[in-house]
Every structure is written in C-alpha cells, then in structure tokens.
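For reference, the chains in residue letters:
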Amino acid sequence: MSGFRRAHLMAIPLAFAVSSCGINSVPTREEAVNAAWGNVEVEYQRRNDLIPGLVATVKGFAAQEKSVLVAVTEARAKASSIQIKAEDLSNPEKMAQFEQAQGQLGASLGRLLVTSERYPDLKSNQNFLTLQTELAGTENQISIARRDYNAAVQDYNITIRTFPDMMAAKLIYGSKPKTPFKATSVGAENAPKVAF
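All of the points below concern the structure found in this document. Only a predicted model underlies this, so the values are computations on that prediction, with no experimental measurement involved.

Criteria and thresholds
Residues numbered from 1 in each chain as written. Predicted model: local features only at pLDDT ≥ 70, side-chain atom pairs only at ≥ 80, totals over all residues. Heavy atoms only, no water. Helix = DSSP H or I, 4+ residues; strand = E, 2+ residues; numbered from the N terminus. Buried < 20%, exposed > 50% of the residue type's maximum accessible area, 1.4 Å probe, protein only. Contact = heavy atoms within 4.5 Å. Salt bridge = Lys/Arg side-chain N within 4 Å of Asp/Glu carboxyl O. Polar contact = N/O pair within 3.5 Å; in protein donor to acceptor, adjacent residues only side chain to side chain. Phe/Tyr/Trp six-rings, centres within 6.5 Å; stacked < 30°, edge-to-face > 60°. Lys NZ or Arg CZ within 6 Å of the ring centre and 35° of its normal. Core = buried A, V, L, I, M, F, W, Y, C linked by side-chain atoms within 4.5 Å.

### Quick word on the overall build of the protein chain
When you go through the protein chain residue by residue, the secondary structure sums to seven helices and zero strands. In the protein chain, the order of α-helices and β-strands from amino to carboxyl end is α-α-α-α-α-α-α. Counting across all 196 residues of the protein chain, residues that qualify as buried make up 32%. Pairs at least 24 residues apart make up 78% of the contacts formed inside the protein chain by residues separated by at least 6 positions.

### Section: the pattern of salt bridges
With the rule as written, the count across this model stands at four salt bridges. Notably, a salt bridge pairs Lys178 with Glu30, separated by 3.2 Å at the nearest N-O pair. Here Lys178, found in the segment after helix H7 (165-173), pairs with Glu30, found in helix H2 (residues 25-61); they are 148 residues apart in sequence, far enough to count as distant. Across the salt bridge formed by Glu139 and Arg47, the nearest N and O atoms sit 3.0 Å from each other. Here Glu139 is found in helix H6 (residues 126-161), whereas its partner Arg47 is found in helix H2, with 92 residues between them in sequence.

### Considering the environment of Asp49
Mapped onto the fold, Asp49 is located in helix H2. Polar contacts involving the side chain of Asp49 include one to the side chain of Gln45, which spans 2.7 Å.

### Some words on the packing of aromatic side chains
Tallied over the full model, the rule gives five aromatic pairs. Ring centres 5.4 Å apart and planes at 65° place the aromatic pair Trp37 and Phe98 in the edge-to-face group. Here Trp37, found in helix H2, pairs with Phe98, found in helix H4 (residues 92-117); they are 61 residues apart in sequence, far enough to count as distant. On the basis of relative accessible area, Trp37 is assigned to the buried category, the value being 3%. Aromatic pair Trp37 and Phe181: ring centres 5.7 Å apart, planes at 25°, arrangement stacked. Pair noted here: Trp37 is in helix H2 and Phe181 is in the segment after H7, with a separation of 144 residues, a long-range link. We note that Trp37, like Phe181, is buried. One aromatic cluster is present, built from ring pairs that chain together Trp37, Tyr44, Phe98, Tyr149 and Phe181. Geometry around Phe181 places Arg146 over its ring, the cationic atom sitting 5.2 Å from the centre.

### A word on the nonpolar core
By size, the foremost hydrophobic cluster in this structure holds 32 residues, and its most contacted members are Val33, Trp37, Val40, Leu89, Leu109 and Tyr149. Broken down by element, this core gets its largest block of residues, 10 residues, from H2. Beyond its immediate stretch of four places on either side in the chain, Tyr149 contacts Val33, Ala36, Trp37, Val40, Leu89, Met95, Thr179, Pro180 and Phe181.

### Some points on unusual backbone geometry
Note that the residue after Phe163, namely Pro164, is joined by a cis bond; omega there is 5°. Considering the arrangement of structural elements, one finds Pro164 in the loop between H6 and H7.

### Looking at the side chain of Arg47
Its relative accessible area of 2% is what places Arg47 among the buried residues. Within polar-contact distance, the side chain of Arg47 engages the side chain of Glu139 at 3.0 Å. Residues in contact with Arg47, not counting those within four places in the same chain, are Gln102, Leu105, Gly106, Leu109, Leu135, Thr138, Glu139 and Ile142.

In structure tokens form, the structure reads like this:
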C-alpha cells in the first residue's frame, strides 16, 4: 500500500475524531444561548415600551396613587439602565443584578394592578384593559423566553462538561458555564393570593 493511500485511510478516522470533539458543537450551543438571551431582552424591551402608556392611562384615572406611579416609573428606569452583554451571561453577579432590577419592576407593576382594583372607573376603562392584557401577555412571553434561555444554558453547560466536547470547550474556546435564571425573591415559588 502506498504512503499516499495510507495517509488518506488514516485521515478518515482523524476527521471523525475531530468532528466529534466539540469543534462545532460548542460554538453552536453557545450561539443558541446568545440567541435565547436576545429573545429574553426582546420581551423585557416590549414590557418597557408598554409601561409609559400604562402609566399615562392610570395617571388620568388615579391621581391619588401618585406614589405607585412614581415607583413604576423609577423601577422601569432602573431596569432599563442595567444592560447584559453576551460575555456577562457567565457572570452570576451581573445576572443577579439584572434580575433584581427586573424583579423590582415586576413588583411595581403588581402594585399598579392592585391600585386598579380600587378604582371602578379605571377597571372599566378600555385603554387600561387593553394595556393590562398586553402587559399580562408580555409577562407570559418573558416567562417563556426565560424558560427557553434556561434550556439553552443547560444544553450548553452539559456540552462543555461532557466528553468529547469538553476537550474543545477547554482547550480551544476556554468555555465557561453560562448562568441560568433563578427565582429572585423569597417566596417566589408560592403563587400569589387573589381575593375578591
């Protein structure tokens, strides 16, 4: 057998070995995490875009509850001032800071919705009902985007920790685990109580 032919026969197993060691799977999964994070940001932006309209509508009907409206506006400003970049997805402190700001905004919105229960005119206002429906839909979309992000993070973190992909993850890419979303407040595992 000639040396040229022998080299070609040895190249085939080498190609299979290289293709299964994470050269392609690690960046593919990392890009999936980044795309899932982008979807989370889209949903947060949608919520931030809805809030000014909601606040303006409520101001027209519930001037007495100015403190709640101020809290929502301030929480929105704080939440939109904290930005997460792709490289921050491996930083648990940055992720916790971002989620805390988003949690404060969610809590302020909850207080605003409770305020609406106190004012029959506000509850029956069509603009408020439309915005309330949009906001509820957005919160559901945020939940779905977070779940999708966590699934992508889990897939990525498993890939960079299992053989043979871990070889490329460590030696070529220097990959670090990504940070999943977690509940941000004590008692978040309990459903809120609604009383009429």
